[in-house]
Amino acid sequence: MASPLEQLSAGALVWLGRNLEHFDPFSAGAGPSTRGRAKAALELALLCHCASRPDGVPEELHGATALVRKLWQHPDFPPLFDEDPAYASTYGLIFAALAPDGIDDALCRATLARLDPGFLSSPGRSPYRRIELRYYADKAGVRHTIEPYAELAPLSPLVALRAAGPGDTTGPDAAPLTTPEAYALTHTGFYLGDFGRTTPGLTGGERAHAEDLVDRMLRHCVTHDWWDLAAELVLTRFILGSDPLRTPSGAAAVECLLRAQRPDGALPGRSAALAGPPSAPPEEFFRAAYHTTLVTALMALAVASPRPS
């Protein structure tokens, strides 16, 4: 019988593979608007990048890998980043960082050349933002002036955040962290730990503090069927060095995700409150479901993989 992680990843990968046309902003299935569709393709590229092993990516991702290779050589793809001006430079950097091996990198080099010289520097940016930019800049092989991770990690959300205390909340169901704080916590772990392929470089006390934050938020996410953050937090717990399925909060989160997963493999939204209805048009349901389904696949693949030596 398949393990819970195998069930999650198998179903999610099948659904993603059957919905590749919605990741392609130039397909008929993409719908009339391109706003935000570049982001979906970038997330798909991240999944392919993180799932890559010496013998390639899982067979279920072959179609996704082919689509990413096509888009990364499509001259009309980078201009779509400008549809979201606040993130255009970040998307351009991620585009270059996730370029598949062996393609013509002319578009990537041209995209990097358009970045403002001050974009890859530290002044005025939070430690979390500096960690994010350094992660993708290093992968893109572009020069920057951001501090080393060893200097940034002690200042990061993994260490600096504090859970809300009894006097800080407005009710018994209030979350230990705000939503932006929770996502900053998980994403910091992703970048410092390269999505499970290295250790995040925290001291024992720093790691224990981060694990406590993750466990508190996981319990809250399970209680409130907050699926997207639950998947991210399980992956963060793995990155911090433990087997999340051997912790009560991690095991409960995986079971929560399994209950939410539809027979077709999709996780229907970021949470039960935001789930796409089964009757929604395909494009509308895709917008609601794709991110959580993709993150769940990424988490399940990473947690089931061997730890870095």
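Scroll up a little and you will see the structure.
Here the structure is a predicted model, which means the values were calculated and not measured.

## Notes on unusual backbone geometry
- Positive phi values are uncommon outside glycine, yet F195 reaches one of about 55°.
- Residue classification places F195 among the buried positions, given a relative accessible area of 6%.
- Positive phi is not limited to glycine here, since D225 has a value of about 50°.
- Mapping D225 onto the fold places it in the loop between α11 (204-223) and α12 (227-239).
- Overall, the relative accessible area of 28% leaves D225 in the partly exposed class.

## Some thoughts on the pattern of salt bridges
- Throughout the structure, instances matching the rule amount to 15 salt bridges.
- The closest approach of N and O atoms between E147 and R130, which form a salt bridge, is 2.6 Å. In this pair, E147 is assigned in the loop between α7 (127-140) and α8 (149-152) and R130 in helix α7, connecting sequence segments 17 residues apart.
- Close ionic contact of D194 with K139 constitutes a salt bridge, the shortest N to O distance being 3.6 Å. Placement of the pair is D194 in the loop between α10 (179-192) and α11 and K139 in helix α7, with a sequence separation of 55 residues.
- For D194, a relative accessible area of 16% puts it in the buried group.

## A closer look at the layout of surface pockets
- Taken as a whole, the largest pocket encloses approximately 790 Å³ of empty space.
- Taken together, 27 residues form the lining of the largest pocket, with K39, E43, E132, H187 and Y191 sitting closest to its centre.
- If you list the elements that add at least two residues to the lining of the largest pocket, you get α3 (37-51), α5 (88-97), α7, α10 and α14 (282-303).
- Sorting elements by how many residues they give to the lining of the largest pocket places α10 first, with six residues.
- In terms of lining residues, the second largest pocket is bounded by 17 residues, among which H49, S52, A99, P100 and D101 are the most central.
- Counting residues per element, the ones that place at least two in the lining of the second largest pocket are α3 and α4 (62-71).
- Classifying every residue of the lining of the second largest pocket gives nine nonpolar, five polar and three charged.

## Topic: the packing of α11 against helix α13 (residues 248-260)
- Running from N to C, α11 and α13 point in directions that differ by 30°, and their axes come no closer than 9 Å. With respect to each other, α11 and α13 are oriented roughly parallel. In the crossing of α11 with α13, the sense of the turn from one axis to the other is left-handed. Here D215, L218, R219 and V222 of α11 come into contact with α13, specifically with S249, G250, A252, A253 and C256.

## Regarding the side chain of E132
- Position of E132 among the secondary structure elements: in helix α7.
- A polar side-chain atom of E132 sits 2.6 Å from a polar atom in the side chain of R129.

## Description of the packing of aromatic side chains
- In this structure the tally under the stated criterion is 18 aromatic pairs.
- Within the aromatic cluster, the residues linked to one another by ring pairs are W72, F77, F81, Y87, Y91 and F95.
- Residue placement shows R134 over the ring face of Y149; its charged tip is 5.4 Å from the ring centre.

Cut-offs applied
Residues numbered from 1 in each chain as written. Predicted model: local features only at pLDDT ≥ 70, side-chain atom pairs only at ≥ 80, totals over all residues. Heavy atoms only, no water. Buried < 20%, exposed > 50% of the residue type's maximum accessible area, 1.4 Å probe, protein only. Helix = DSSP H or I, 4+ residues; strand = E, 2+ residues; numbered from the N terminus. Salt bridge = Lys/Arg side-chain N within 4 Å of Asp/Glu carboxyl O. 1 Å grid on protein atoms, 1.4 Å probe; cavity = no way out; pocket = protein on both sides within 12 Å on 5 of 7 lines; lining within 4 Å. Points joined across faces, edges and corners; volume = space filled by probe spheres on them. Nonpolar A, V, L, I, M, F, W, Y, C, P; charged D, E, K, R; others polar. Axes fitted to C-alpha atoms, helices over the stretch in contact; angles between N-to-C directions. Parallel < 35°, antiparallel > 145°, perpendicular 65-115°, else oblique. Left-handed = near helix turned anticlockwise from the far one by under 90°. Contact = heavy atoms within 4.5 Å. Polar contact = N/O pair within 3.5 Å; in protein donor to acceptor, adjacent residues only side chain to side chain. Phe/Tyr/Trp six-rings, centres within 6.5 Å; stacked < 30°, edge-to-face > 60°. Lys NZ or Arg CZ within 6 Å of the ring centre and 35° of its normal.

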